[in-house]
Amino acid sequence: MYFPWLEKIFIHAPFSLWHGWIVFSAVVNLFQAFTGLKEDGPSVWIRILVILALLFLTSTAVGYVEYKKHKGDITGALVIGLGLLAIFTNQHDAWIHWSALTAAIITLIYPIRPYAFKLVGRESNAENAPLLG
């Protein structure tokens, strides 16, 4: 007997979780390796680089969801979203704190999109659109 849901849970999901975590931890570790702790907080350049990194992580999670039209890596996107929530809870700088919350909200809500379109009856891709009209 073949159970495709067992394959998804025990084979695909662990690799998906691992891949999302590796992407998130690689970005965080770059900042840990090349920046230092200062008493007056991060400089303007570090803030800009962090916000760019948050945008990269958010766009990566959105890309995970959109990959292969409804067969995307939703668990990897959720791992990145939870990592962004961890950044939100542990940062004291207001720019980084609120930017991480915004990125986390986008990242955690976006995976619902394909399921919401299926529930409403509207497909999100152009393959099901009528040819004329």
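Colleague: For the pattern of salt bridges, give the residues involved together with the corresponding values.
Modeller: Taken as a whole and judged by the stated rule, the model has two salt bridges. Here R47 and D93 are joined by a salt bridge, their closest N and O atoms 2.8 Å apart. Within this pair, whereas R47 is found in helix α2 (residues 44–66), its partner D93 is found in the loop between α3 (74–90) and α4 (94–109), the two being separated by 46 residues in sequence. Residue R47 is classed as partly exposed on the basis of its relative accessible area, which comes to 23%.

Colleague: Requested: an account of the packing of α2 against α3, with residues and values cited.
Modeller: What describes two packed helices is the angle between their axes and the distance between those same axes. Their axes nearest at 8 Å, the elements α2 and α3 cross at an angle of 155 degrees. Classified by the angle their axes make, α2 and α3 are roughly antiparallel. As for the relative orientation of α2 and α3, their crossing is left-handed in sense. Facing α2, whose interface residues are L54, L57, T58, T60, A61, Y64 and V65, α3 presents G76, A77, I80, L84 and I87.

Colleague: Before we move on, could you go through the nonpolar core and cite the residues and values that matter?
Modeller: With 20 residues, the main nonpolar core has L54, L57, I80, L84 and I87 as its most contacted residues. Listing elements by their share of this core, those giving two or more residues are α1 (4–34), α2, α3 and α4. Per-element tally for this core: the top contributor is α2, with seven residues. For I80, the residues in contact, after removing those within four places along its chain, are G20, V23, F24, L57, T60, A61, Y64 and T107.

Colleague: Before we move on, could you go through the packing of aromatic side chains and cite the residues and values that matter?
Modeller: Inspection of every chain in the model, using the stated rule, returns three aromatic pairs. Seen from their ring centres, W21 and F24 are 5.6 Å apart, and the 40 degrees between their planes marks the pair as tilted. Remark: F24 and W21 occur in helix α1; sequence separation between them is three residues, near one turn of the helix. Look at F24 and you get buried, because its relative accessible area is 6%. Considering the side-chain rings of F88 and W98, the 5.7 Å spacing of their centres and the 55 degrees angle between planes classify their relative orientation as tilted. In this pair, F88 is assigned in helix α3 and W98 in helix α4, connecting sequence segments ten residues apart. On the basis of relative accessibility, which here comes to 16%, the residue F88 falls in the buried class.

Colleague: Requested: an account of α3, with residues and values cited.
Modeller: The first and last C-alpha atoms of α3 sit 25 Å apart over 17 residues, in line with the 24 Å expected at 1.5 Å per residue. Against the buried residues of α3 lie α1, α2, α4 and α5 (113–120).

What counts, and where the lines are drawn
- Residues numbered from 1 in each chain as written.
- Predicted model: local features only at pLDDT ≥ 70, side-chain atom pairs only at ≥ 80, totals over all residues.
- Heavy atoms only, no water.
- Salt bridge = Lys/Arg side-chain N within 4 Å of Asp/Glu carboxyl O.
- Helix = DSSP H or I, 4+ residues; strand = E, 2+ residues; numbered from the N terminus.
- Buried < 20%, exposed > 50% of the residue type's maximum accessible area, 1.4 Å probe, protein only.
- Axes fitted to C-alpha atoms, helices over the stretch in contact; angles between N-to-C directions.
- Parallel < 35°, antiparallel > 145°, perpendicular 65-115°, else oblique.
- Left-handed = near helix turned anticlockwise from the far one by under 90°.
- Contact = heavy atoms within 4.5 Å.
- Core = buried A, V, L, I, M, F, W, Y, C linked by side-chain atoms within 4.5 Å.
- Phe/Tyr/Trp six-rings, centres within 6.5 Å; stacked < 30°, edge-to-face > 60°.
- Expected span 1.5 Å × (residues − 1).

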